[in-house]
Amino acid sequence: MKAETAPPIPDSLIASLDDHAIIDVANRAGQITYANDKFCQVSGYSRAELSGQSHRLINSGHHPKSFFDDLWKTISSGKRWHGEIRNRAKDGSHYWVEKTIFPCRDGQGRVSHYVAVGADNGDLSRREKKLAFQNQCFNAALDNMSQGLCMFDAEQNLIVANERYASMYGLAPEQMTPGTTLRQILEYRIANGIYAGENPEAYIKEQLEWVAIDVHSSKVQKLSNGRSIEISHVPMTDGGWLTTHEDITERRQSEEVLEQQAATVDLMNCIAVAANASTNARSTFEYCLSQICRFAGWKIGHAYMPAKDGTGKVCPTGYWFFSEKTQFATFREMTEMTEFECGQGLPGRVFEQQAASWVYDVTVDTNFPRGKIAKSTGIVGGAAFPIKVRDEVVAVLEFYSSDPMEPKADLVEVLNHVCAQMGWVLERERVEIELTAHRDNLQDLVNMATIGLEAKAEELRTALAAEKELNLLQRQFISMASHEFRTPLSIIDSSAQFLARKREQLTPDYVLSRTVKIRDAVKRMTRLMESTLTAARMEEGKIKVNIETCDIGRVVTEACARQQEISKNHVIVCNVMDLPETIQADPSSMDLVLTNLLSNAVKYAPDTPDIDVVARALGDEIEISVRDRGLGIDEADRPNMFERFFRAKTSTGIEGTGIGLNLAKSLIEMHGGSIAFASRKGEGSTFTVRLPVAGPAKTEQPGTRAA
């Protein structure tokens, strides 16, 4: 097709532009009818080669078809177009032109041809190189990140991902090309066996739903290869998102070790407290079995003991813990009907070997008579541990799991300590039985002696009563001291062993926290010894009160202030407005009494902070009441509250000696006063002290009164 001839361009215009601009003219069909020297120079084509050609001759392929469609739509409508175009020169190189195309009209107002004026934009080439360099730096930074990173557009197509992301999930380079969908990447990962969860489809669904959330979020996934990955999701305004992936496996492992160590210490403390506070073997054993199973993740715990008939068999005790009673009911029935010879079954093996025994799978163990019933109820692994007293096995704890059980040295060490604590429960029970038998034997001797020795009956009865009282005091003191000394000693021992064993792994802050626990335990033992010595001095008559003029209001106020300073979590309200200015009393003794009552109010109201202290005059007496809203006192314990060494049931787990109230009562009675209390379980207690304003009765020795 012959190119149409365009109207001539004025020579003056060509002369002024030719040195600086790239100029060409095209007819309505887009065929080049004129090209200036600059055009020929930059493109590398001669005028003859350009004449009659369309601009496709210099099309670099850089711009999409829609770019040129928009250009032609603009100029064919008679509008001017301006923009940047990348062209291809004759030698194949590329160059950028900043171009303006002007539509020109004929005498009838129709567009007859187009004039294009452009400038060689060499800066664009430099910008391309700069951009390429920046992209190179960006890619280098991405690939050297310690975290995996990927970015997707709103259609869930991959935009960019670094090498760390690919290696973290075992992805090949061809699986990470831009445009790959998230679902495809997830399917590649599943094919490689590197994903989270057990159901691949559920995993894909969960991931697609998570990235659709338009909020910043993060989560930790444990992959099928055992690695833990922390993923952070950052949505973008265009609907796409960016995620970072950090391998935190080592950190999680360290955290799990610390958590396991903390759980071990907590278990040891729980067992020690339960063993020292034990009143009967069944409740203590069942509590300890439950704590051990929860610690180790086991389903069943049970205790066997030697037969009392001397046959050498080991028998079920009925002390159990079950994570699911219904599932294991038939196993329980079978166990409670099964006795073992020494060496037979799991309990028998432990009695014979006097050491822990593990069974990977009891359903295939030839020396496990309960194997069939275990298989039918879903029991697989088993382990048992001896409880020893003076190197004699007095019980065996057996445990079962729904998974195979492999020996674990660290767990054996923990359970050896636990079993040693539980041995004290059986030992104390044995000692109490012997003491009871001894008491009964003494009673029999007294009864026999009264037949022929009527004259000495009163003397023997008095001796028996004294013996009973002594035995009672001994049992009370042994129980109290065993509880109060053993708990801090256990804390000191376990903490010290832990520090010694793990010293290279512990931080200074962790060592400090353990040291504080040890010092608190020592302080507790010191307070116990001081209280015991005070009780002994009173028993020997060495405690005296010095009656003098006493500012009782000040004594009450200072005791409250001192306790408030110690007990930051409580609010002590003190009202002494109605007291006389002075009374006749021993200020030190009254301070000791009030300190004891306030300390008890704080200890037995750990979760209810309000404590009220009211002091007032009542005729020739004063009354001081201390009220808490805490645990209260069981009705059965109330008659014994002022007995020495007696501790109420609600005091379990709370430090104390059972001496304080007995000492307070004695000091108050030495002043000629009285102490009483009112209490309701779960609602708190009120202790009320009454003292004569004038001091003890005149018949008493003035000034000093011995206990």
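The structure reproduced in this document is the subject of the present report. (Residues numbered from 1 in each chain as written. Predicted model: local features only at pLDDT ≥ 70, side-chain atom pairs only at ≥ 80, totals over all residues. Heavy atoms only, no water.)

## Thoughts on the overall build of the chain
- Scanning the chain from terminus to terminus reveals 19 helices and 24 strands.
- Residue pairs at least 24 apart in sequence account for 56% of intrachain contacts in the chain once pairs closer than 6 positions are excluded.
- Per element, the accessible surface of the chain, about 38,000 Å² overall, is 52% carbon and sulfur. (Helix = DSSP H or I, 4+ residues; strand = E, 2+ residues; numbered from the N terminus. Contact = heavy atoms within 4.5 Å. Areas by Shrake-Rupley, 256 points an atom, 1.4 Å probe, with all protein chains shown as cover.)

## Considerations on the environment of A166
- Within the secondary structure, A166 is located in helix α6 (residues 163-168).
- Those residues within four positions of A166 in sequence are excluded, and the remaining contacts are L171 and M176.

## Regarding the pattern of salt bridges
- The tally for this structure, following the rule as stated, stands at 26 salt bridges.
- Residues D634 and K681 are paired through a salt bridge, measuring 2.8 Å at the closest nitrogen-oxygen approach. One end of the pair, D634, is in the loop between β21 (621-627) and α19 (660-670); the other, K681, is in the loop between β22 (674-680) and β23 (684-692), and 47 residues separate them in sequence.
- Taken together, the shared-partner salt bridges in this structure form one network comprising R616, E621, E623 and R690. (Salt bridge = Lys/Arg side-chain N within 4 Å of Asp/Glu carboxyl O.)

## Brief notes about the sheet that holds strand β6 (residues 148-152)
- Strand order in the open sheet formed by five strands is β7-β6-β10-β9-β8, and the pairing between neighbours is antiparallel. A single partner strand is all that each edge strand has here, and the edge strands are β7 (158-161) and β8 (217-222). On average, each strand axis in the sheet is inclined to that of its neighbour by 20 degrees, with strand direction left out of account.
- Bridging between β6 and β7 involves three bridges; their strand directions are antiparallel. Residue pairing across strands places F152 opposite L158, the latter belonging to β7. (Pairing = 2+ DSSP bridges. Axes fitted to C-alpha atoms, helices over the stretch in contact; angles between N-to-C directions.)

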